[in-house]
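Here is what each chain is made of, one letter per residue.
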Amino acid sequence: MGIVFDEIIKHFDINGEIAHVSPHGNGLINKTFRLHNKQANAPDYLMQRINGDVFHDIAGMTSNLLLITTHLKNKEVGNNSFVSLTPVATHSGEFLFKSNDDHFWRIFLFLKDLISFDKALNIEYVYEGAKGYGQFIKEMNDFPVEKLHVVIPDFHHLGKRLEQLNSAKERANLERISKCSSLFEVAELQYDRLKEMITSVNENLLPIRVTHNDTKFNNILFDSNGKSACVVDLDTAMPGIVHYDFGDGMRTGAVECAEDENDFNKITLKGDKIKAYCEGYLNPISDLLTSIELKFLPLAPSYMALIMSVRFLTDYLNNDNYYRIEYPEQNYMRARCQLKLSELFYEQREFIEDIIST
């Protein structure tokens, strides 16, 4: 085990002795490691280095994390075995440690009996994953949302994201701008199609709730019976609208292709997966949502796919300094794929509306 890990781990109040450390997961922002305990009767842990280039309000983010996990631990979720993350304190009672290289670190109990998937294994997993995110909305419904920090202002504000894209255009090299020109045109078309929802977001007409804001399918943990058991990656949990969670969750939970798929023939939607996601998500919260929330829910997947396309395009023009990439054109491929999904989800809006209204 590297001395850097030793120097960090010793500051936290953990049980047992860590035998070795291994990389964990494939997150694009923070770096995550599993701490394997030497003692059989002591737990393993999950350690993360927080990306300070992305999260500027780390104190606010940590405050949100503690408030939300405490609230969830104090709740009973029917007869389900829905659990919460457990942050581990340092010996001084803090939940962050700043290393000598100015990075912030934190540790959680490792939930060894639970597992995540990048994609749903079958329809049942689509339903359960969506239900898990709906359950999160339900359990946080009685939490005073004003207590939470807005850790990333305008995180899902499409207008602001387009402003960032336009700024990136002014600095980007001509080759990348030329390559993206057709994507810019499609993004503008999708923006016009979604204007009614965009106006409702901009004018604050939709109820503000505690939302997760990063509902990728792999941020749900499942138990051995394939039931959703825990929502993880709460860094962006803050005040928001339910459409962000519903739309982003369907973008990954009800789609078979990879996020950076380059073969347009493989970028397709299947009605049974869309139906399963809608029904799973609404199962815990159908009686909580207002009429205006339900009105715009069918447009949410198209909206969130467009948001992600714009963000990937922006990062591509900024020479890939935000999202971790595995090959040079990955952000371009991500943007291209998500823009196509935005178009496809828009075409399915009436189908989604019919499911929601039944």
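To be clear, the structure that these remarks concern was listed above.
Heads up: these notes are all about the structure in this document.

Definitions and cut-offs
Residues numbered from 1 in each chain as written. Predicted model: local features only at pLDDT ≥ 70, side-chain atom pairs only at ≥ 80, totals over all residues. Heavy atoms only, no water. Disulfide = S-S within 2.5 Å. Phe/Tyr/Trp six-rings, centres within 6.5 Å; stacked < 30°, edge-to-face > 60°. Helix = DSSP H or I, 4+ residues; strand = E, 2+ residues; numbered from the N terminus. Buried < 20%, exposed > 50% of the residue type's maximum accessible area, 1.4 Å probe, protein only. Salt bridge = Lys/Arg side-chain N within 4 Å of Asp/Glu carboxyl O. Axes fitted to C-alpha atoms, helices over the stretch in contact; angles between N-to-C directions. Left-handed = near helix turned anticlockwise from the far one by under 90°. Contact = heavy atoms within 4.5 Å. Nonpolar A, V, L, I, M, F, W, Y, C, P; charged D, E, K, R; others polar. Expected span 1.5 Å × (residues − 1). 1 Å grid on protein atoms, 1.4 Å probe; cavity = no way out; pocket = protein on both sides within 12 Å on 5 of 7 lines; lining within 4 Å. Points joined across faces, edges and corners; volume = space filled by probe spheres on them.

**Some points on the state of the cysteines**
Counting across every chain of the model gives zero disulfides. No disulfide involves Cys278; its nearest neighbouring cysteine sulfur is the one of Cys257, lying 17 Å away.

**Re the packing of aromatic side chains**
With the rule as written, the count across this model stands at 14 aromatic pairs. For the ring pair Tyr277 and Tyr281, a centre distance of 6.3 Å and an interplane angle of 15° mean the geometry is stacked. Here Tyr277 and its partner Tyr281 are both found in helix H8 (residues 271-282), four residues apart, which amounts to about one turn of the helix. Each member of the pair, Tyr277 together with Tyr281, is buried.

**Topic: unusual backbone geometry**
Positive phi, close to 70°, is recorded for Asp102, a residue that is not glycine. Relative to the helices and strands, Asp102 resides in the loop between strand E5 (97-98) and strand E6 (104-109).

**Observations concerning the pattern of salt bridges**
Enumeration over the complete set of coordinates arrives at 17 salt bridges. With a closest N to O distance of 2.7 Å, Arg106 and Asp235 form a salt bridge. Of this pair, Arg106 sits in strand E6 while Asp235 is found in the loop between strand E9 (228-231) and strand E10 (238-240), placing the two residues 129 residues apart along the sequence. By relative accessible area, Asp235 is classed as buried at 3%. Close ionic contact of Lys275 with Glu279 constitutes a salt bridge, the shortest N to O distance being 2.6 Å.

**What about the packing of helix H7 (residues 242-253) against H8?**
The interhelical angle for the contact between H7 and H8, taken along N-to-C directions, is 145°, at an axis separation of 10 Å. For the element pair H7 and H8, the recorded crossing hand is right-handed. Note on element contacts: H8 touches H7 through Ile274, Tyr277, Cys278 and Tyr281, opposite Val242, Asp245, Phe246, Gly249, Met250 and Gly253. Classifying every residue of the contact of H7 with H8 by side-chain character gives seven nonpolar, two polar and one charged.

**Describing the side chain of Thr252**
Among the structural elements, Thr252 can be located in helix H7. The class for Thr252 is buried, based on a relative accessible area of 8%. Those residues in contact with Thr252 that lie beyond four places of it in its chain are Lys119, Thr215, Lys216 and Phe217.

**Describing H7**
Here H7 spans 16 Å end to end across 12 residues, near enough to the 16 Å set by a 1.5 Å rise per residue. A large share of H7 lies buried, amounting to 12 of its 12 residues. Taken residue by residue, H7 has Val242, His243, Tyr244, Asp245, Phe246, Gly247, Asp248, Gly249, Met250, Arg251, Thr252 and Gly253 as its buried positions.

**With respect to empty space enclosed by the protein**
Leftover empty space is mapped by rolling, across the atoms, a probe with the size of a water molecule. On inspection of all chains with the given rule, the structure shows two cavities of 30 Å³ or more. Counted as a void, the largest cavity has a volume near 40 Å³. Every residue along the wall of the largest cavity is listed here: Thr62, Leu65, Leu66, Pro87, Val88, Phe95, Arg106 and Ile107. Going through the elements one at a time, helix H2 (58-73), strand E4 (87-88) and E6 are the ones with two or more residues in the lining of the largest cavity. Sorting elements by how many residues they give to the lining of the largest cavity places H2 first, with three residues. Split into classes, the residues belonging to the lining of the largest cavity amount to six nonpolar, one polar and one charged.

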